[in-house]
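Coordinate analysis (summary)
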Amino acid sequence: MKIKTLILATLALGITAAASAKSVELLNVSYDPTRELYQEFNSAFIKYWKAKTGDDVIIKQSHGGSGKQARSVIDGLPADVVTLALSADIDALYTNGRLLPQDWQKRLPQNSTPYTSTIVFLVRKGNPKGVRDWDDLVKPGVSVITPNPKTSGGARWNYLAAWGYARHKSGTEEAAQKFVAALYKNVPVLDSGARGATTTFVQRGIGDVAITWENEAFLALKEFGAGQFEIVVPSLSILAEPPVAVVDKVVKKKGTAGVAKAYLEYLYSDEGQDIAGRNFYRPRNPAVAAKYASVFPQLQLVTIDAEFGGWTKAQKTHFADGGVFDQIYAK
Amino acid sequence: MAALAATSSLAVKPSPHGAGPRVIRNPWWVRAFFMTVALLFVLCFLVLPLVAVFTEALRKGMSAYFHSFTDPDVLSALRLTLLTAAIAVPANLVFGVAAAWCIAKFDFYGKSLLTTLIDLPFAVSPVISGLIYVLVFGLQGWFGPYLGAGDHPWFGAWFNAQDIRIIFAVPGIVLATIFVTFPFVARELIPLMQAQGNDEEYAALTLGASGWQTFWRVTVPNIKWGLFYGVILCNARAMGEFGAVSVVSGHIRGETNTLPLHVEILYNEYNFVAAFAVSSLLALLALLTLLLKSLVEWRAKKGGA
């Protein structure tokens with residue numbers, strides 16, 4: 001009998017909790033390293049939205065490997081907005097389920113990417129293995145940490161940055177493939193997301209060098225103190241553009257289209273750009289970017305469009321089932 | 001379990017003079033060696049991790065430790081974990097007793113198939129258990145088009161209005177938990193009921209008791225300690241399940257994160273004190289479970305069940 005009352009009580013509790021939370025609610029489904037960025041940005045937007053409209057908005061977050069998160073949204077995770085690591089993952093929302101229009105990337109300025117980043121190396125204090133550039137990562141005895149490109153967006157940027165470097169150096173696709181294959185021979189473990197890979201490197205002490213997002217590397221320095229790790233900037237890397245989009249099908253149903261759009265547009269505002277810079281993402285706005293010029297090193301950056309013919313093509317060639325990555329990793 | 005304990009206690013029964021004819025006496029150093037190995041193993045694999053959890057959790061002092069539990073996301077995870085267990089455990093209690101009753105007391109066609117099916121959740125990886133629900137209830141799955149944001153031409157609109165969510169919401173988490181904790185109660189009861197046989201029930205029926213009376217007054221008192229034991233194990237797993245729940249949760253903070261999932265999130269956010277503080281809460285739940293379990297075993301032995 002007691003159990004029955006307990007069930008009824010807990011059920012009632014659950015129902016009342018659901019009923020009281022009836023103000024506007026947004027779910028932002030994001031990739032792994034943006035936790036700290038959106039924590040700060042959300043509280044700024046809540047204040048801005050309250051001042052502008054008088055409405056309270058609650059923003060819920062979900063983080064994980066970018067590809068995995070896209071998969072969840074396709075399977076029904078009710079995301080009002082997605083802020084993922086690369087456009088191929090948002091393209092997947094169009095191809096599987098038509099959750100947003102095909103031209104979603106044209107709806108916001110600068111390819112719908114309010115901030116950019118790049119790929120750098122994180123090494124242990126004093127750089128004991130003497131890692132200076134990509135060539136040092138394929139040397140025997142150097143253990144490299146990078147996540148799984150199948151589930152992690154950051155890992156795909158890592159892979160393409162290595163590929164871009166090798167092709168610029170050697171000039172041929174074959175040499176680039178050989179270089180990337182040699183690199184993955186030095187990888188002892190493939191985590192599913194960028195953050196998991198960072199904690200493998202910094203907390204569990206595995207590996208000599210972690211290939212990672214610039215913002216992840218800066219955050220690790222900040223969290224663990226600059227004394228334990230160092231950032232190594234390679235001679236060439238890739239311009240990573242993590243895009244954002246409103247998920248039309250979800251906001252239409254929930255009636256949150258207006259606030260979801262305003263949420264993403266606020267990322268482009270001066271305050272939004274400043275928060276991005278503070279969290280080690282490179283701001284798009286030149287004025288705000290100038291403020292953080294001393295933080296971010298200048299380096300040669302190749303783009304996905306120029307180098308790989310866009311994400312759709314890169315995704316198909318390298319990361320689809322049976323693609324180049326599968327061929328390399330199966331060996 | 002109980003049978004195993006009984007035979008092993010027979011084997012080590014000490015003889016009055018230290019060297020009975022049937023008992024093998026090993027040299028002292030052999031015993032010392034194996035005892036040390038066993039103790040070291042227990043120390044390394046059980047005690048050390050437990051100590052590590054608590055020292056890490058208390059690294060920044062008591063106030064930081066207790067402060068971890070004031071975070072609304074942690075409280076929401078705790079609430080969800082308790083709610084999930086409060087639904088999953090009674091559901092499996094009812095099912096477990098019914099299944100064990102069927103299998104132990106009756107003979108029917110397909111009995112071994114049913115026994116195998118009950119064991120299935122033990123054999124399948126929890127990740128697969130979670131994926132099953134995504135495949136069935138996901139937007140691209142079998143029933144997905146009828147649920148949530150689905151747009152089925154006939155039923156879509158109605159279900160849209162009801163806003164029924166299975167996966168990435170509480171029902172999915174409860175379903176996945178029920179699935180992985182399915183066998184605990186039944187597995188505990190089947191051998192016990194089989195060992196007890198049907199004699200007492202037959203006696204009750206012959207004396208004019210109805211089916212329900214027989215069940216409540218004869219069967220249940222006979223199995224109650226085994227039942228408690230199964231429920232305790234089932235509850236421990238329901239609160240601790242990670243894999244299956246991780247797949248169906250969607251990881252929405254303050255909404256669909258259970259305690260084990262929230263531990264991973266906190267750890268990944270470099271919030272180690274809070275991660276270990278929440279882990280210590282789960283560890284305490286586990287210790288409490290063990291305590292209850294020992295108590296139940298002790299009472300069962302005393303009661304002669």
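As shown above, the structure is provided for reference.
Here's a quick rundown of the structure. (Residues numbered from 1 in each chain as written. Chains lettered and ligands numbered in written order. Predicted model: local features only at pLDDT ≥ 70, side-chain atom pairs only at ≥ 80, totals over all residues. Heavy atoms only, no water.)

A closer look at the interface of chain B and chain A
Interface extent is often summarised as the accessible area lost during association of the parts. Contacts between the two partners involve 30 residues from chain B, matched on the other side by 38 residues from chain A. The tally of links between chain B and chain A comes to two salt bridges. A salt bridge links lysine 60 of chain A to glutamate 255 of chain B; the nearest nitrogen and oxygen atoms lie 3.0 Å apart. For the pair chain B and chain A, the interface holds nine residue pairs in polar contact (both at pLDDT 80 or more). Among the elements that take part in the side of chain B that touches chain A, helix α4 (residues 72-105) of chain B stands out by supplying six residues, more than any other. Per-class residue counts for the side of chain B that touches chain A are 15 nonpolar, eight polar and seven charged. (Contact = heavy atoms within 4.5 Å. Salt bridge = Lys/Arg side-chain N within 4 Å of Asp/Glu carboxyl O. Polar contact = N/O pair within 3.5 Å; in protein donor to acceptor, adjacent residues only side chain to side chain. Helix = DSSP H or I, 4+ residues; strand = E, 2+ residues; numbered from the N terminus. Nonpolar A, V, L, I, M, F, W, Y, C, P; charged D, E, K, R; others polar.)

A word on the packing of helix α6 (residues 153-170) of chain A against helix α7 (residues 173-185) of chain A
All names here are of chain A. Contact geometry for α6 and α7: axes closest at 8 Å, N-to-C directions at 135°. Comparing the axis directions of α6 and α7 gives the class oblique. Note on packing geometry: the crossing formed by α6 with α7 is right-handed. Residues Ala155, Tyr159, Ala162, Trp163, Tyr165, Ala166, Arg167 and Ser170 of α6 pack against Glu173, Ala175, Ala176, Gln177, Phe179, Val180, Leu183 and Tyr184 of α7. (Axes fitted to C-alpha atoms, helices over the stretch in contact; angles between N-to-C directions. Parallel < 35°, antiparallel > 145°, perpendicular 65-115°, else oblique. Left-handed = near helix turned anticlockwise from the far one by under 90°.)

Description of the sheet that holds strand β9 (residues 244-246) of chain A
Strands belonging to one sheet form pairs held by backbone hydrogen bonds; the direction of such a pair is parallel or antiparallel. Residues and elements named next belong to chain A. Taken in spatial order, the four strands make up an open sheet running β2-β1-β3-β9, and their pairing is mixed. Each having just a single partner strand, β2 (57-64) and β9 make up the two edges of the open sheet. When strand polarity is set aside, the average angle formed by the axes of neighbouring strands in this sheet is 20°. Helix α2 (residues 35-53) rests against β1 (24-31), β2, β3 (81-83) and β9 of the sheet, and its axis sits at about 165° to β2. (Pairing = 2+ DSSP bridges.)

Take it as geometry only, folks, not as evidence of what the structure does.
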